[in-house]
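Here's the letter readout for the chains.
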Amino acid sequence: MRDPGAPLEIVRIGNGEVEVEVLPEAGARLHRVRAFGAELLRAPADPRHHLADPWFWGGYVMAPWCNRVAPGPMALAGRTIDLKANFFDGTAIHGQVMVSPWRHEGGGRFRIEGGGEGTGWPWPYSVEERVSVDGARLTVQLRLTNTSDAPMPGGIGLHPWFLKPVRVAIDASGVLSTNVESPAQPEPVSGDLDRRRLAVMPDRLDATWTDLADPPVVFEWPGAGVRATMTVEVPALFIVAASPGDKDAVAVEPQTHAPDGIRRLLKGEPGALSLISPGETLPLTMRLSFERTAGGEDANAGQT
């Protein structure tokens, strides 16, 4: 058993324009991302705080599902799942691997096994993450593999918290207007849900964008003089974004399905969990390409 007072292992990747710190013992989450010296993720001063308060820090992997699903026993794909509520709203949220210890296999590669009898998710699975930096580009490759002997529902995604002040553009024509009780069908973007121009995200926005262009997301930190373009390679892409007014960060999350992915699968709604065949893999690759912009004299103005 891990000594709770011991410091967490920090794996550092990149040592030039972009630098990343990964915590294998805390879900292989991104603890810090720096571009041109500017801190871009919301990170606690003590990395161990991720374990005590896992929801609103860094950038963590979500698997074998993303976002909210209903807790409790239910039949799904020929088996019975029994997920426990783990969030203050009574849902089972963001999967099973976000604070579990992963193995660091070297070269920025991390791995964990989960699921199976007694876990609430009756299908065994593995998750792999590879984090790499090439010049001013960060790449995070995720793979969810069904290691059971039957088709497994599944989803995978990444949940980064980007520090304010930040402008965000999400180039999408469709939106699911809330993630708390996610609608079955997307609607055309309009009003505050039309995020196609770079702007500050309004407080209390929490929705999912569909029908995305390429690139789907652009960020700009005016005080830091940094701009980032997000590209994603995935069979089906959904961008979840949340801007809680009481946090100094916004979440912009690429993932393979929409919220309530189990309900969607059971009811035949779009954006459901994928059915992954035995031995098959559901992949997601996210790239952030950084560039300098005008300004940035005070690289971390207003950031903590």
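Details of the structure are given in the entry above.
Since this is a predicted model, take the numbers as computed values, not measurements.

Undergrad: So what about the overall build of the protein? Which residues, and what values?
TA: A count of helices and strands for the protein gives two helices and 23 strands. Taking 19 Å as the expected radius of gyration for a compact globule of 304 residues, we find that the protein reaches 18 Å, a close match to that expectation. Viewed in the frame of its principal axes, the protein has a C-alpha envelope of about 60 × 50 × 30 Å. Taken across its 304 residues, the protein has 53% of its residues classed as buried. Here the analysis covers contacts within the protein between residues at least 6 apart in sequence; of these, 66% occur between residues at least 24 apart. Taking the 29 positively charged and 38 negatively charged side chains of the protein as two groups, their mean positions are separated by 0 Å.

Undergrad: How would you explain the pattern of salt bridges if you had to name every residue and give the values?
TA: Opposite charge on two side chains makes pairing possible when the charged atoms of those side chains draw close. Summed over the entire model, instances satisfying the criterion amount to 24 salt bridges. The residue Asp89 makes a salt bridge to Arg68 at a minimum N-O spacing of 2.6 Å. Here Asp89, found in the loop between β8 (79-83) and β9 (92-93), pairs with Arg68, found in strand β6 (residues 68-69); they are 21 residues apart in sequence, far enough to count as distant. Classification of Asp89 by relative accessible area gives partly exposed; the value is 32%. Overall, the relative accessible area of 10% leaves Arg68 in the buried class. For Asp206, the salt bridge is made with Arg68, and the minimal N-O distance between the two is 4.0 Å. Residue Asp206 is located in strand β18 (residues 205-221), and its partner Arg68 is located in strand β6; the two are separated by 138 residues in the primary sequence. You can call Asp206 partly exposed: its relative accessible area is 23%.

Undergrad: Report on the pairing of strand β12 (residues 125-134), specifying residues and quantitative values.
TA: Sheet faces and side chains relate simply in a regular strand, where the side chains alternate between the two faces. Sheet topology places strand β11 (residues 109-114) next to β12; six bridges connect them, and they run antiparallel. Bridging from a neighbouring strand, Glu113 pairs with Ser126 of β12. As consecutive antiparallel partners, β12 and strand β13 (residues 137-146) are separated by two residues, and within that stretch Gly135 has a phi angle of approximately 65°, a positive value.

Undergrad: Lay out the nonpolar core with the relevant residues and their values.
TA: The biggest cluster of nonpolar side chains holds 71 residues, and the ones touching the most others in it are Trp121, Val127, Trp209, Phe219 and Phe290. With six residues, the top contributor of residues to this core is β18. Excluding its chain neighbours within four sequence positions, the residues that come into contact with Trp121 are Pro64, Trp65, Ile81, Leu83, Gln96, Gly115, Gly116, Met152, Pro153, Ile262 and Leu273. Counting residues in each nonpolar core, the second largest holds 12 residues, with Met62, Cys66, Ala242 and Ala251 among its members.

Undergrad: How would you sum up the packing of aromatic side chains? Please name residues and give values.
TA: With the rule as written, the count across this model stands at eight aromatic pairs. Through pairs of rings, three or more aromatic residues link up here, namely Trp55, Phe87 and Phe88.

Undergrad: Let's hear about the side chain of Lys247: which residues, and what values?
TA: With respect to the element layout, Lys247 can be found in the loop between β20 (238-243) and β21 (249-255). For Lys247, a relative accessible area of 17% corresponds to the buried category. A distance of 3.2 Å separates a polar atom in the side chain of Lys247 from a polar atom in the side chain of Asp246.

Here is what the cut-offs are and how they apply
- Residues numbered from 1 in each chain as written.
- Predicted model: local features only at pLDDT ≥ 70, side-chain atom pairs only at ≥ 80, totals over all residues.
- Heavy atoms only, no water.
- Helix = DSSP H or I, 4+ residues; strand = E, 2+ residues; numbered from the N terminus.
- Rg over C-alpha atoms; globule rule 2.2 N^0.38 Å.
- Buried < 20%, exposed > 50% of the residue type's maximum accessible area, 1.4 Å probe, protein only.
- Contact = heavy atoms within 4.5 Å.
- Lys, Arg positive; Asp, Glu negative; His and termini not counted.
- Charge placed at Lys NZ, Arg CZ, Asp CG, Glu CD.
- Salt bridge = Lys/Arg side-chain N within 4 Å of Asp/Glu carboxyl O.
- Pairing = 2+ DSSP bridges.
- Core = buried A, V, L, I, M, F, W, Y, C linked by side-chain atoms within 4.5 Å.
- Phe/Tyr/Trp six-rings, centres within 6.5 Å; stacked < 30°, edge-to-face > 60°.
- Polar contact = N/O pair within 3.5 Å; in protein donor to acceptor, adjacent residues only side chain to side chain.

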